[in-house]
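Summary of the model geometry
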Amino acid sequence: VYKTVIRKSAEFPHLVKVWIGPKLLIFLYDPRDVELLLSSQVFIDKASEYRFFKPWLGDGLLISTGDKWRSHRKLIAPTFHLNVLKSFINLFNENSKNVVRKLETEIGKTFDCHDYMSEATVEILLGKCV
């Protein structure tokens, strides 16, 4: 299915609409369109599939909508200011290299990447370079 979607999408430079049963999926390819949607404070309702993430992520910024989403977004916005993020480049870089080194031990194996990514996330959030 994935290969067919990719092949068909080559015919349409900006977006592709696909019906999977009663569900309409829209794939955007133009970064300007993606930016428009992601920066919107109007189009914040999530797809019904997000409910599967609720036990893991709770009802925070990624899952919530409406006033709850707006209040969470307002609280977290300063954290993602470009100048703040730039100050963490070395931390992101070192922890990313560390994850790659650890993942190299799994080459050729089937494995669950959750532990590796969770550890990297915690290390970055704690501001640690391992």
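Residues numbered from 1 in each chain as written. Predicted model: local features only at pLDDT ≥ 70, side-chain atom pairs only at ≥ 80, totals over all residues. Heavy atoms only, no water.

**Some details on the packing of aromatic side chains**
- All chains considered together, the criterion is met by three aromatic pairs.
- Taken together, a centroid distance of 6.1 Å and an interplanar angle of 25 degrees make the contact between Phe-88 and Phe-92 stacked. (Phe/Tyr/Trp six-rings, centres within 6.5 Å; stacked < 30°, edge-to-face > 60°.)

**Some remarks on the pattern of salt bridges**
- Inspection of the entire model under this criterion finds five salt bridges.
- Of the charged contacts, one joins Arg-32 and Asp-30 as a salt bridge, the two residues approaching to 2.7 Å between their closest N and O atoms.
- For Arg-32, a relative accessible area of 60% corresponds to the exposed category.
- With a relative accessible area of 9%, Asp-30 lands in the buried category. (Salt bridge = Lys/Arg side-chain N within 4 Å of Asp/Glu carboxyl O. Buried < 20%, exposed > 50% of the residue type's maximum accessible area, 1.4 Å probe, protein only.)

**Some points on the domain arrangement of the protein**
- We note that the domain assignment places domain 1 (1–43), domain 2 (50–79) and domain 3 (81–126) within the protein.
- The distance between the C-alpha centroids of domain 1 and domain 3 comes to 29 Å. (Domains from an automatic or database assignment.)

**Observations concerning helix H7 (residues 114–125)**
- Helix length check: H7, at 12 residues, gives a terminal C-alpha distance of 16 Å against a target of 16 Å (1.5 Å per residue), a fit within 8%.
- The secondary structure elements touched by the buried residues of H7 are helix H6 (89–103).
- Of the residues flanking the end of H7, it is Gly-127, one or two places downstream, whose phi is positive at about 75 degrees. (Helix = DSSP H or I, 4+ residues; strand = E, 2+ residues; numbered from the N terminus. Expected span 1.5 Å × (residues − 1). Contact = heavy atoms within 4.5 Å.)

**Concerning the environment of Lys-74**
- Note that Lys-74 resides in helix H4 (residues 66–76).
- For Lys-74, a relative accessible area of 69% translates into the label exposed.
- Separated by 45 residues in sequence, Lys-74 and Glu-119 have C-alpha atoms that sit 27 Å apart.

**Description of the environment of Pro-13**
- Relative to the helices and strands, Pro-13 resides in the loop between helix H1 (2–9) and strand E1 (15–20).
- Along the primary structure Pro-13 and Ser-64 are separated by 51 residues, whereas in three dimensions their C-alpha atoms are 32 Å apart.

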